[in-house]
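The primary structure of each chain is shown beneath.
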Protein chains: 6
Amino acid sequence: MRKQKFVSESFVRMTELVLPNDTNTLNNLMGGRMMHLMDVAAAISAQRHSNRIVVTASVDNVSFREGIKLGSVVTLEAKVTRAFSSSMEVHIDVWAEDIPSGTKIKSNEAFFTFVAVDQSGRPIDVPEAVPETHEEISHYDGALRRRQLRLVLAGRLKPQDATELKAMFDLE
Amino acid sequence: MRKQKFVSESFVRMTELVLPNDTNTLNNLMGGRMMHLMDVAAAISAQRHSNRIVVTASVDNVSFREGIKLGSVVTLEAKVTRAFSSSMEVHIDVWAEDIPSGTKIKSNEAFFTFVAVDQSGRPIDVPEAVPETHEEISHYDGALRRRQLRLVLAGRLKPQDATELKAMFDLE
Amino acid sequence: MRKQKFVSESFVRMTELVLPNDTNTLNNLMGGRMMHLMDVAAAISAQRHSNRIVVTASVDNVSFREGIKLGSVVTLEAKVTRAFSSSMEVHIDVWAEDIPSGTKIKSNEAFFTFVAVDQSGRPIDVPEAVPETHEEISHYDGALRRRQLRLVLAGRLKPQDATELKAMFDLE
Amino acid sequence: MRKQKFVSESFVRMTELVLPNDTNTLNNLMGGRMMHLMDVAAAISAQRHSNRIVVTASVDNVSFREGIKLGSVVTLEAKVTRAFSSSMEVHIDVWAEDIPSGTKIKSNEAFFTFVAVDQSGRPIDVPEAVPETHEEISHYDGALRRRQLRLVLAGRLKPQDATELKAMFDLE
Amino acid sequence: MRKQKFVSESFVRMTELVLPNDTNTLNNLMGGRMMHLMDVAAAISAQRHSNRIVVTASVDNVSFREGIKLGSVVTLEAKVTRAFSSSMEVHIDVWAEDIPSGTKIKSNEAFFTFVAVDQSGRPIDVPEAVPETHEEISHYDGALRRRQLRLVLAGRLKPQDATELKAMFDLE
Amino acid sequence: MRKQKFVSESFVRMTELVLPNDTNTLNNLMGGRMMHLMDVAAAISAQRHSNRIVVTASVDNVSFREGIKLGSVVTLEAKVTRAFSSSMEVHIDVWAEDIPSGTKIKSNEAFFTFVAVDQSGRPIDVPEAVPETHEEISHYDGALRRRQLRLVLAGRLKPQDATELKAMFDLE
């Protein structure tokens, strides 16, 4: 039987300071730098779940709200949501904290997918991810729908065959 | 009348060498570093179109195929596809080139969205983007559908109201 | 009366991946890079406590044990131990995690001291730090002794007058 | 017979954004960073021509004109001008683009020379470079004269024996 | 008999410019970056003494005085003070130089300890360090006392047994 | 009368460790990184002479000999050779040191030219540079000839009018 691990075992919290080279000419954190941080936090989470080297397989739609100022503190929290043979979906939450005011706002949220590989780079199976909390179960349940969307967007699944997705459009 | 600029005026080609710090322990380019490069190339394209500072508003689904080795040459080509008042969608194509074999393969493709802002960070209108070639027109036409998908995924549009998207599922 | 904040409110957890440029020719994390990470984690903790810009005032003796390999995950946890008018002592714990084996070992431990400053760089008072747990209280209590040692080592206190320190040598 | 490749096959265009760490205290791009970019662009061009690892052999006189501001876009275009057994001369043009005004000015021009090497670092022959356009032919023709200048400056050719160079001084 | 080298043979002078990414939001050099520079300078000194790869074993108490501004020149001077079988203590002096005023002030001073290792990371003996000048001899003599302090602070020596240290407190 | 400073007052020694990100796929220091280091060392020297912000005006021909391995120590020594109203020529010597063998070889030599500027970026006069040693005098004397070569190569002086240069070709 396939090995099982709790989703909570893959939890990663990463805290970063926004430095000058991370910012644009408005002194705000650049989107590309943010995605770089998200990828590192999510990769560490997938590595903790699989005890393997992992490679980024896909990044789901990410939207950016307010600018994050130079000198702010960025906190990223990542957790595997669900594992499929050799791939793992990881959820990432990002907060931006303004030091003088002490305010902390939710900045972004994203789903990244990783594949575990062996030393020669071939995909290798990973343990099942077992959700426990209400939020973990909700992310676990939505993983199939997001996976279909990825396949449709990558042209590897016909929209008509994406049954989970169609349900989302209330069409069946 | 709103100013117009050709899509081709926003074309950017960026060429990068994969260096040690860009790679994981398999000596392959990390996904986060790739997204950072995409964001810079796309931002320059949006800046050329708008002659403004731009901030990343969203990144559409990106999928990663084969690993790109240390020492490879990565070429990114970015072009604005369509402009909506203060926002611009940018298409990015990425190729990976292996020097010893001289082979060059398509590695990724993505759509990023940027908002043009003034010096105090407030959104400001940009010129219309006028497509000319067959591919530019096709990207221009698809922009509405991708925009609806972004709104649905961000929870700001109900799936039932996303008429362009529903058409994609052959449901109307 | 001086404002009070719980020690636990300043807690910071930072997680980092050891990348090629962080390593020496044995592929181990360099000591200087580790201290850089410790300083950033501890500074964020002191900023959370004080809601101010902080500057590093001193670093206590740090010892390094086993090498940390390229590709390992480094976790730093920082917490203010005690505040003295404008200065704060911060305790940092560092763990190194080897992904293939899943083992996580305590790597380092250190005390850094920061001073809170205003926009022109002048020291400014910070809230008192209130310890709650057994470990927090023990760190709080030891802070005076470590402070005397710093003053003695900086030549600003005569060893004979360092009453807390002398007690440590069982001499009174 | 020695393999031939068109000069145009080695063309590289690199686009970069001037970031804070690239600048001096006047917020202008530093000369050393510019030369670093030139070297990378030119090396990629020489690698495309030779399908080999290349090492920098020499940099000809480079002069810098106006400062390039933080936030500007720098475009570098590189092309092999001529190949000599294992070495290749590469021409690089640099433009600086100011985003708000949309102006783009020629900033620098330089010639770098690279040697193609095998996996153990030994020089190895490269294809001939065949010029086609008027400018390519002019760069091809000037390559001998620049090569003599390099040899004279490196003390490996007596000025009196530099026949191509002397012609430049209208002395024969 | 064990090989001997003069302390002066390990002398290293390193000069660095304070760049934007090295600074905090007050535009001052960050403490962690300074310690990174100290570690590199000291490691080069220990490598010159031992002709071996070295790893950082410990950092003694470092205190920071005035802030060092963006654009300043930082000069570090490092020299081995004493060698013990496979370990070497290194002394580092740091100066900060303000270019417009031409003033140069002593900024920091520290002792780092390194262990020389072979290719598999095992400790290996190093030559004796022979002091010549008055200052070198004074650093050599104090090395035992600092070593005891490190052992006490690391919990590997009882304070009561630290005879050299106790002398410092005028207690015997 | 114009202020005078000794050439020796502008002396800078910079020591650097070759790190992974500085190297190409043969694990040798990249030429562009070397030029970056040369520019920083030379700029600090020109700043010490002028007590001003300086900008790179030109780089003379640089040739690269043997590769410098990852983990090597690079030492750069820079000194102003001569000052002309607002510009200064700086000579840079570079050595590469292999730690295991303890060998140190001369790697490169170059002349960079800088212009001193005020806070708004306008050229401003600098002190005269007074040479003392035999080598300093020889560099001082050659400065006019190198300056003519720069002007000829930049197309700002006709070769026929470069009297100092013609002398070099033994033609007058």
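Everything that follows concerns the structure shown earlier in this document.
Throughout what follows, the structure given in this document is the object of discussion. (Residues numbered from 1 in each chain as written. Chains lettered and ligands numbered in written order. Predicted model: local features only at pLDDT ≥ 70, side-chain atom pairs only at ≥ 80, totals over all residues. Heavy atoms only, no water.)

**Observations concerning the interface of chain A and chain E**
We apply this condition: Whether two residues are in contact is decided by their heavy atoms, any of which lying within 4.5 Å being enough. Note: buried area is the sum, over both parts, of the accessible area (probe 1.4 Å) each one loses when the two are combined. Salt bridges are defined by distance alone: a side-chain nitrogen of Lys or Arg within 4 Å of a carboxyl oxygen of Asp or Glu. Under the rule applied, a polar contact is a pair of N or O atoms within 3.5 Å (in protein, one hydrogen donor and one hydrogen acceptor; residues adjacent in sequence only if both atoms are side-chain atoms). Polar here means any residue outside two lists: the nonpolar Ala, Val, Leu, Ile, Met, Phe, Trp, Tyr, Cys and Pro, and the charged Asp, Glu, Lys and Arg; Gly therefore counts as polar.
Each partner contributes residues to the interface: chain A has five residues there, and chain E has five residues. For the pair chain A and chain E, the two sides together bury roughly 400 Å², of which 69% comes from carbon and sulfur. When the buried surface of chain A facing chain E is broken down by residue, Leu19(A), Pro20(A) and Asn21(A) rank first, second and third, together holding 74% of it. Linking chain A to chain E there are zero salt bridges. Between chain A and chain E we count one residue pair in polar contact (both at pLDDT 80 or more) in total. Of the residues belonging to the side of chain A that touches chain E, the class tally is three nonpolar, two polar and no charged.

**With respect to the arrangement of the chains**
Contact between chain C and chain D is absent, and the least distance between their C-alpha atoms amounts to 17 Å. Spatially, chain B is disjoint from chain E: no contact exists, and the shortest C-alpha separation is 17 Å.

**With respect to the sheet that holds strand 7 (residues 103-117) of chain A**
Here is the rule we go by: DSSP calls a pair of strands paired once it identifies at least 2 bridges connecting them. The secondary structure listing takes helices from DSSP runs of H or I that are at least 4 residues long and strands from runs of E that are at least 2 residues long, numbered from the N terminus. Here an axis means a line fitted to C-alpha atoms, over the contact stretch when the element is a helix, while the angle between two N-to-C directions is reported on a 0 to 180 degree scale.
The strand order across the open sheet formed by six strands is 2(A)-5(A)-6(A)-7(A)-3(A)-4(B), and the pairing between neighbours is antiparallel. Single-partner strands in this sheet number two, and they are strand 2 (12-17) of chain A together with strand 4 (62-63) of chain B. Where helix 1 (residues 31-50) of chain C meets the sheet, its contacts fall on strand 2, strand 5 (73-84), strand 6 (87-98) and strand 7 of chain A, and the angle it forms with strand 2 of chain A comes to roughly 80 degrees.

**Topic: the environment of Arg2(A)**
Residue and element names in this part refer to chain A. If you trace the backbone, Arg2 turns up in the segment before strand 1 (4-6). When the C-alpha positions of Arg2 and Pro127 are compared, they lie 6.2 Å apart, and in sequence the two are 125 residues distant. For Arg2, the residues in contact, after removing those within four places along its chain, are Ala83, Phe84, Ser85, Val126, Pro127 and Glu128. A distance of 2.9 Å separates a polar side-chain atom of Arg2 from the backbone oxygen of Val126.

**Considering the relation of the copies chain D and chain F**
The operation linking the two copies of the chain is a rotation about an axis combined with a translation along the axis. Put simply, the rule is: Here the copies were fitted onto each other by least squares, based on C-alpha atoms from residues at pLDDT of at least 70 in both.
With an RMSD of 0.0 Å, chain D superimposes on chain F once it is rotated by 180 degrees and translated 0.0 Å along the axis. Both copies are brought into coincidence by an operation consistent with a two-fold rotation axis. Among all C-alpha atoms of chain D, that of Asn61(D) lies closest to the rotation axis, at 2.3 Å. Same-surface contact between copies: 100% of interface residues of chain D are shared with the interface of chain F.

**With respect to empty space enclosed by the protein**
Residue and element names in this part refer to chain B. Test applied: Of the two site types, the cavity is a set of points on a 1 Å grid over the protein atoms alone where a 1.4 Å probe fits but cannot get out, and the pocket is an open set with protein on both sides within 12 Å along at least five of seven lines, each lined by residues with an atom within 4 Å of a point. Grid points are joined across faces, edges and corners, and a volume is the space filled by probe spheres set on the points.
In the structure shown here, the tally under the stated rule is six cavities of 30 Å³ or more. The space that makes up the second largest cavity amounts to roughly 50 Å³. Looking at the second largest cavity, the residues that line it are Glu16, Leu17, Val18, Asp22, Leu29, Arg33, Leu37 and Val74.

**Describing the interface of chain D and chain F**
Each partner contributes residues to the interface: chain D has 40 residues there, and chain F has 40 residues. In this assembly, chain D packs against chain F so that about 3200 Å² is buried in total across both faces, 70% of it on carbon and sulfur atoms. Among the elements that make up the side of chain D that touches chain F, the one with the highest residue count is strand 3 (residues 53-59) of chain D (seven residues). Classifying every residue of the side of chain D that touches chain F gives 21 nonpolar, 12 polar and seven charged. Pairing between strand 4 (residues 62-63) of chain D and strand 3 (residues 53-59) of chain F: two bridges, direction antiparallel. Opposite Ser63(D), over in strand 3 of chain F, you have Ser58(F) as the bridge partner.

**Re the pattern of salt bridges**
Residue and element names in this part refer to chain A. Filter applied, for reference: Buried, partly exposed and exposed residues are distinguished by accessible area as a fraction of the type maximum, computed with a 1.4 Å probe on protein chains only: under 20%, between the cut-offs, and over 50%, respectively.
Taken as a whole, this structure holds 60 salt bridges over all chains when the rule is applied. Of the charged contacts in the structure, one is a salt bridge between Arg150 and Glu89, with a shortest N-O distance of 2.4 Å. With a gap of 61 residues between them, Arg150 in helix 2 (residues 134-153) and Glu89 in strand 6 connect regions that are remote in the sequence. Considered together, Arg150 and Glu89 belong to a single accessibility category, that of buried residues. Connected through shared salt-bridge partners, Asp60, Glu89, Arg146 and Arg150 make up one network.

**Regarding the pairing of strand 2 (residues 12-17) of chain F**
Residue and element names in this part refer to chain F. Among the six residues of strand 2, five are classified as buried, and the element is accordingly described as predominantly covered. Summarising the sheet, strand 2 and strand 5 (residues 73-84) pair through six bridges and their orientation is antiparallel. Along strand 5, the bridge assignment pairs Met14 with Leu76.

**So, the relation of the copies chain A and chain E**
Expressed as a screw operation, the relation of chain A to chain E combines 0.0 Å of axial shift with a rotation of 120 degrees, fitting to an RMSD of 0.0 Å. As the rotation angle and translation indicate, the two copies are arranged about a three-fold axis.

**Focus: the packing of aromatic side chains**
The condition that has to hold: Two rings from Phe, Tyr or Trp (for Trp, the six-membered ring) form a pair when their centres are within 6.5 Å of each other. A pair whose planes differ by under 30 degrees is stacked, one over 60 is edge-to-face, and the rest are tilted. Remark: a charge is flagged as sitting over a ring if the NZ atom of Lys or the CZ atom of Arg is within 6 Å of the ring centre and within 35 degrees of the ring normal.
Scanning the entire structure with this criterion turns up six aromatic pairs over all chains. Just above the ring of Tyr140(A) sits the side chain of Arg82(A); from NZ or CZ to the centre is 4.0 Å. Sitting over the face of the ring of Phe84(D), Arg147(D) holds its NZ or CZ atom 4.2 Å from the ring centroid.

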